[in-house]
2 protein chains.
Amino acid sequence: MSQKRIAIFGSTGSIGTQALEVIAANKDKFSAEVLTAQNNDELLVQQALKFNPYIVVIGDEKKYPKVKQALARTDIQVFAGEKALEEVAEMDAYDLMLAAIVGYAGLKPTLQALESGKPVALANKETLVVAGDIVMKKALEKRVPVIPVDSEHSAIFQCLVGETRNKIEKVILTASGGPFRGKKPNFLVNVKRDHALQHPNWTMGAKITIDSATLMNKGLEMIEAKWLFNLKPDQIQVVIHPQSIIHSMVQFEDGSIKSQMGLPNMKLPIQYALGFPHRIPNDMPRLNFRSMSTLTFEEPDIKTFKNLGLAIDALTKGGNLPCILNAANEIAVYAFLRNRIGFLDMTEVVEQTMVKIPFIESPTLDEYLDTDGEARSFAASLIQM
Amino acid sequence: MSQKRIAIFGSTGSIGTQALEVIAANKDKFSAEVLTAQNNDELLVQQALKFNPYIVVIGDEKKYPKVKQALARTDIQVFAGEKALEEVAEMDAYDLMLAAIVGYAGLKPTLQALESGKPVALANKETLVVAGDIVMKKALEKRVPVIPVDSEHSAIFQCLVGETRNKIEKVILTASGGPFRGKKPNFLVNVKRDHALQHPNWTMGAKITIDSATLMNKGLEMIEAKWLFNLKPDQIQVVIHPQSIIHSMVQFEDGSIKSQMGLPNMKLPIQYALGFPHRIPNDMPRLNFRSMSTLTFEEPDIKTFKNLGLAIDALTKGGNLPCILNAANEIAVYAFLRNRIGFLDMTEVVEQTMVKIPFIESPTLDEYLDTDGEARSFAASLIQM
């Protein structure tokens with residue numbers, strides 16, 4: 001396999017930094033040609049000096065002079081601002097985009113990459129949650145793969161390799177259940193930021209860690225799965241599996257189930273997405289079935305973790321409802337992370353926003369953008385109160 | 001997919017009868033064109049009258065007149081004897097052979113089918129245990145697939161679909177542990193035939209059920225896996241998994257593990273092998289992860305279940321040792337089934353035969369045949385005493 005030029009959109013986040021570790025460990029296979037960051041100029045500069053990309057983009061335009069100066073003695077091109085992300089996504093400087101920008105900001109560069117015929121390794125679930133129909137239609141039109149990076153969707157993607165002729169009966173998304181599995185509302189009402197940030201199995205960014213604690217993450221993943229694998233809502237099941245060993249499963253129409261398993265380690269799905277269709281040897285720790293005694297499964301408690309119920313509602317009704325859910329949730333999670341609202345208030349914000357913002361059955365991209373803006377404003381107004 | 005003409009070699013056994021159920025349920029996809037049986041002429045005739053094959057073969061020549069007469073008013077051709085099995089295997093009357101003859105007798109027809117360029121769905125593990133190198137070399141030479149029917153190897157085969165470019169790090173064969181898991185020699189020494197025939201999870205023929213109780217079955221499967229998937233002995237691991245839900249696993253060189261799961265039901269791997277590469281919808285019972293609480297794993301107890309150790313020894317040393325192991329084991333198991341020897345005596349017979357019969361590093365097919373005969377004679381002589 002020849003060297004693949006990778007563009008990492010969101011290189012300073014949890015996924016981005018781990019992707020760079022994968023690239024550093026496989027210099028014969030990958031080069032990092034584009035690195036982008038929203039705010040963290042210091043890490044972006046460090047990464048640029050180490051990986052010598054063709055281009056870096058700093059989202060926050062105020063930080064442009066600092067980045068430009070720090071890289072003045074290199075050949076690296078420096079750009080700034082949201083528009084630059086889209087322009088760079090159009091360029092021919094890379095072979096695969098790793099879309100690792102957190103939240104809604106990842107949508108436009110991802111669409112641009114697909115428009116330019118570039119395969120996308122997708123770590124940004126909001127892109128699919130918000131506008132999965134548009135993204136997947138574009139990928140289909142341009143005949144480029146969207147390779148999921150989320151461990152659950154990577155598992156499903158891996159199980160589907162070589163099975164394109166065989167119909168999926170359902171997918172089973174496993175969920176650790178997060179740090180508060182088994183807890184009830186009277187406990188959750190008092191949960192604080194730092195406690196919610198302690199995930200039992202996975203090391204991830206702050207936003208997704210909170211979403212894991214509320215089970216909203218699993219709801220977003222159900223919506224993501226719908227688009228990635230062209231499923232009906234009732235073909236997507238969530239099962240709580242606290243050990244996070246089985247990363248997800250596919251049941252085919254003959255009843256046979258395939259699963260992908262491993263230790264919880266985001267580097268593996270990242271490496272898989274970068275290398276696909278080739279698996280790359282590595283020395284990451286291996287799962288040992290002889291020393292691992294038990295895998296357990298249980299039903300999710302939707303009565304307590306209402307965010308999952310809201311997400312299933314959005315998944316089932318479709319239209320712009322997942323977009324509303326996602327926008328309100330982003331506002332709510334960041335408010336919770338800043339200790340502005342309580343753990344259960346997040347559900348309130350999302351639910352009220354879903355009731356408030358008008359439903360659109362088949363939104364255009366512009367309508368998605370409007371919906372997103374309106375939902376954010378309304379959710380923010382709830383928090384101000 | 002057009003109708004596939006199936007030849008079932010061994011149609012009256014456990015695998016054969018279940019295969020006919022699959023064919024009956026999918027008449028648009030399959031027809032049974034060849035049916036063969038060693039002794040059970042009555043069932044063979046029943047099956048022939050129901051499925052109207054082109055040819056039937058009764059192994060026991062004495063029963064030929066009875067079968068011939070019973071089918072006199074049909075167009076079905078009737079043959080008899082061991083030689084006829086090989087001749088029919090050569091014919092162009094079928095598209096896929098299901099090799100479901102139990103024991104060593106399945107070898108020659110299987111080789112003949114491959115020689116004639118016919119894909120083989122292989123339910124006869126002794127074929128690979130005895131002469132796996134010769135069988136797989138023939139399949140490679142004729143470029144026809146050998147599709148395993150054993151649930152473990154079917155699981156591995158399913159996990160490998162679409163992964164041909166990716167190297168296997170190891171395969172993990174799961175084992176229920178049989179009815180005597182956790183028992184010690186002082187218990188096993190008194191085990192009787194009827195108790196050993198009660199497998200906790202799977203309904204199978206008598207020979208394989210006894211082999212499951214002694215763990216010899218898992219040892220034979222390790223040898224089978226070596227040939228089917230071109231593995232080194234240390235790439236094959238056995239893990240006890242009493243629930244028989246995970247049917248086996250493949251670990252790739254990136255550390256990612258894929259598994260195939262389902263309720264224990266031989267019809268699923270049979271159907272998969274007949275339909276490959278197409279999965280066929282069915283209404284077999286589905287696994288429900290929300291109602292299934294626990295999957296457990298443990299190391300096999302090789303000190304107690306010495307047959308597995310003997311098989312690993314044969315696997316590792318290679319040559320004609322697996323052939324010796326298999327021949328002695330067939331004699332021992334049938335002696336146990338006739339209440340001629342005790343449960344632990346089976347190990348004695350196999351071990352002594354492995355010591356006695358001369359080792360050949362790279363046997364020819366004739367040397368395999370000689371080894372088989374000598375090993376059977378010697379094992380039988382041990383039982384006479």
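A.B. asks: Can you explain the overall build of chain A? Please cite residues and give values.
C.D. replies: Across its full length, chain A holds 16 helices and 12 strands. Relative to its length of 385 residues, chain A is compact, with a C-alpha radius of gyration of 20 Å against a globular reference of 21 Å. Overall size of chain A, expressed as C-alpha extent along the three principal axes, is 60 × 55 × 40 Å. Counting all 385 residues of chain A, 61% fall into the buried class. In the structure as shown, chain A presents an accessible area of about 15,300 Å², 50% of it carried by carbon and sulfur atoms. Of the charged side chains in chain A, 42 are positive and 44 negative, and the gap between their average positions amounts to 4 Å.

A.B. asks: I'd like a rundown of the pattern of salt bridges, residues and numbers included.
C.D. replies: Oppositely charged side chains can form a pair if their charged atoms are brought close together. Residue and element names in this part refer to chain A. Applying the stated criterion to the full structure yields 52 salt bridges over all chains. Measuring nitrogen to oxygen at the nearest pair gives 2.9 Å for the salt bridge that ties arginine 5 to aspartate 95. Pair noted here: arginine 5 is in strand E1 (residues 4–9) and aspartate 95 is in the loop between helix H4 (82–90) and strand E5 (96–99), with a separation of 90 residues, a long-range link. For arginine 5, a relative accessible area of 28% gives the class partly exposed. The shortest N-O distance in the salt bridge between lysine 184 and aspartate 301 comes to 2.9 Å. In this pair, lysine 184 sits in the loop between strand E8 (168–175) and helix H8 (185–188) while aspartate 301 sits in the loop between strand E12 (294–296) and helix H13 (306–317), placing the two residues 117 residues apart along the sequence. What makes lysine 184 partly exposed here is its relative accessible area of 44%.

A.B. asks: Describe in detail a negative patch on the surface, supporting the description with residues and values.
C.D. replies: Residues and elements named next belong to chain A. A contiguous patch of negative charge on the surface is contributed by Asp366, Glu367, Asp370 and Glu374. Relative to the assigned elements, aspartate 370 resides in helix H16 (residues 365–384). Assessed through its relative accessible area of 45%, aspartate 370 is described here as partly exposed.

A.B. asks: Tell me about the sheet that holds strand E11 (residues 257–261) of chain B, and name the residues and values.
C.D. replies: Pairing is mixed across the open sheet formed by eight strands, whose spatial order is E9(A)-E8(A)-E10(A)-E11(A)-E11(B)-E10(B)-E8(B)-E9(B). In the strand order of this sheet, the two ends are held by strand E9 (236–240) of chain A together with strand E9 (236–240) of chain B, each with one partner. Sheet twist, expressed as the mean angle between neighbouring strand axes with direction ignored, is 20 degrees. Across the face of the sheet, helix H7 (residues 151–160) of chain B comes into contact with strand E11 (257–261) of chain A together with strand E8 (168–175), strand E10 (246–252) and E11 of chain B while running at roughly 40 degrees to E10 of chain B.

A.B. asks: Give a detailed account of the relation of the copies chain A and chain B, specifying residues and quantitative values.
C.D. replies: Each copy superposes on the other: chain A lies on chain B with an RMSD of 0.0 Å after a rotation of 180 degrees and an axial shift of 0.0 Å. Expressed as a symmetry operation, the mapping of one chain copy onto the other fits a two-fold axis. Minimal C-alpha separation from the rotation axis in chain A is found for glycine 162 of chain A, amounting to 1.9 Å. Most of the interface of chain A is mirrored in chain B, where 100% of its interface residues are also at the interface.

A.B. asks: How would you summarise helix H6 (residues 125–142) of chain A if you had to cite specific residues and measurements?
C.D. replies: Residue and element names in this part refer to chain A. Along its 18 residues, H6 runs just 20 Å from first to last C-alpha, ending more than 12% under the 26 Å computed at 1.5 Å per residue. At alanine 131, H6 shows its strongest bend, of approximately 105 degrees. All of the buried residues in H6 are Lys125, Glu126, Thr127, Leu128, Val129, Val130, Ala131, Gly132, Val135, Met136, Lys138 and Ala139. Backbone geometry just downstream of H6 places arginine 143 in the positive-phi region, at approximately 55 degrees.

A.B. asks: Quick rundown of the pairing of E9 of chain B? Include the residues and the values.
C.D. replies: For E9 of chain B, the buried fraction is high: five of the five residues fall into the buried class. Burial along E9 of chain B is two-sided: the residues Ile236, Val238 and Ile240 of chain B and Gln237 and Val239 of chain B are all buried.

A.B. asks: Before we move on, could you go through the domain arrangement of chain A and cite the residues and values that matter?
C.D. replies: All names here are of chain A. Here chain A is described as being made up of domain 1 (4–148), domain 2 (153–264 + 285–304) and domain 3 (318–385). Taken over C-alpha atoms, the centre of domain 2 sits 24 Å from the centre of domain 3. Counting residues at the interface gives 18 residues for domain 2, matched by 14 residues for domain 3. With both sides pooled, the region where domain 2 packs onto domain 3 buries about 1,400 Å², and carbon together with sulfur makes up 78% of that total. The largest per-residue losses of area from domain 2 upon contact with domain 3 belong to Arg193, Lys207 and Met216, which jointly make up 38% of the total buried on that side. Where domain 2 packs against domain 3, one counts zero salt bridges. At the junction of domain 2 and domain 3, the tally comes to two residue pairs in polar contact (both at pLDDT 80 or more). Looking at the side of domain 2 that touches domain 3, the elements that each hand over two or more residues are H8, helix H9 (193–196), helix H10 (206–214) and helix H11 (216–228).

A.B. asks: If you had to explain the packing of aromatic side chains to someone new, which residues and values would you point to?
C.D. replies: Residues and elements named next belong to chain A. Within this structure, the stated rule accounts for 14 aromatic pairs over all chains. Judged by centre distance (5.0 Å) and plane angle (75 degrees), the rings of phenylalanine 157 and phenylalanine 276 are edge-to-face. Within this pair, whereas phenylalanine 157 is found in helix H7 (residues 151–160), its partner phenylalanine 276 is found in the loop between helix H12 (267–275) and E12, the two being separated by 119 residues in sequence. One aromatic cluster is present, built from ring pairs that chain together Phe180, Phe187, Phe336 and Phe343.

A.B. asks: Account for H4 of chain A, naming residues and giving values.
C.D. replies: Within the sequence span of H4 of chain A, burial applies to Ala84, Leu85, Glu86, Val88 and Ala89 of chain A. Contact partners of the buried residues in H4 of chain A: E1, strand E2 (30–37), strand E3 (55–58), strand E4 (77–80), E5 and helix H5 (107–115) of chain A.

A.B. asks: Would you mind going over the interface of chain A and chain B in detail, with residue names and values included?
C.D. replies: In this complex, chain A contributes 46 residues to the contact, which on the side of chain B involves 46 residues. For the pair chain A and chain B, the summed buried surface comes to about 4,200 Å²; carbon and sulfur atoms form 51% of the total. Looking only at chain A, the three residues that lose the most surface to chain B are Asp254, Arg279 and Arg290 of chain A, adding up to 20% of its buried area. At the boundary of chain A and chain B, one finds six salt bridges. Residues aspartate 254 of chain A and arginine 279 of chain B are paired through a salt bridge, measuring 2.9 Å at the closest nitrogen-oxygen approach. Linking chain A with chain B are 28 residue pairs in polar contact (both at pLDDT 80 or more), by the criterion used here.

A.B. asks: How would you summarise unusual backbone geometry if you had to cite specific residues and measurements?
C.D. replies: Following phenylalanine 276 of chain A, the chain continues to proline 277 of chain A via a peptide bond in cis, the omega torsion being 5 degrees. Relative to the helices and strands, proline 277 of chain A resides in the loop between H12 and E12. Phi is positive for asparagine 230 of chain B, which is not a glycine, with a value near 55 degrees. Within the fold, asparagine 230 of chain B resides in the loop between helix H11 (216–228) and E9.

Calculation criteria
Residues numbered from 1 in each chain as written. Chains lettered and ligands numbered in written order. Predicted model: local features only at pLDDT ≥ 70, side-chain atom pairs only at ≥ 80, totals over all residues. Heavy atoms only, no water. Helix = DSSP H or I, 4+ residues; strand = E, 2+ residues; numbered from the N terminus. Rg over C-alpha atoms; globule rule 2.2 N^0.38 Å. Buried < 20%, exposed > 50% of the residue type's maximum accessible area, 1.4 Å probe, protein only. Areas by Shrake-Rupley, 256 points an atom, 1.4 Å probe, with all protein chains shown as cover. Lys, Arg positive; Asp, Glu negative; His and termini not counted. Charge placed at Lys NZ, Arg CZ, Asp CG, Glu CD. Salt bridge = Lys/Arg side-chain N within 4 Å of Asp/Glu carboxyl O. Patch = residues over 30% accessible without salt bridge, like charges linked within 9 Å, V, L, I, M, F, W, Y side chains within 5 Å. Pairing = 2+ DSSP bridges. Axes fitted to C-alpha atoms, helices over the stretch in contact; angles between N-to-C directions. Contact = heavy atoms within 4.5 Å. Least-squares fit on C-alpha atoms with pLDDT ≥ 70 in both. Expected span 1.5 Å × (residues − 1). Bend = angle between axes of the 7 residues up to and from the residue. Domains from an automatic or database assignment. Buried area = accessible area lost by both parts, 1.4 Å probe. Polar contact = N/O pair within 3.5 Å; in protein donor to acceptor, adjacent residues only side chain to side chain. Phe/Tyr/Trp six-rings, centres within 6.5 Å; stacked < 30°, edge-to-face > 60°.

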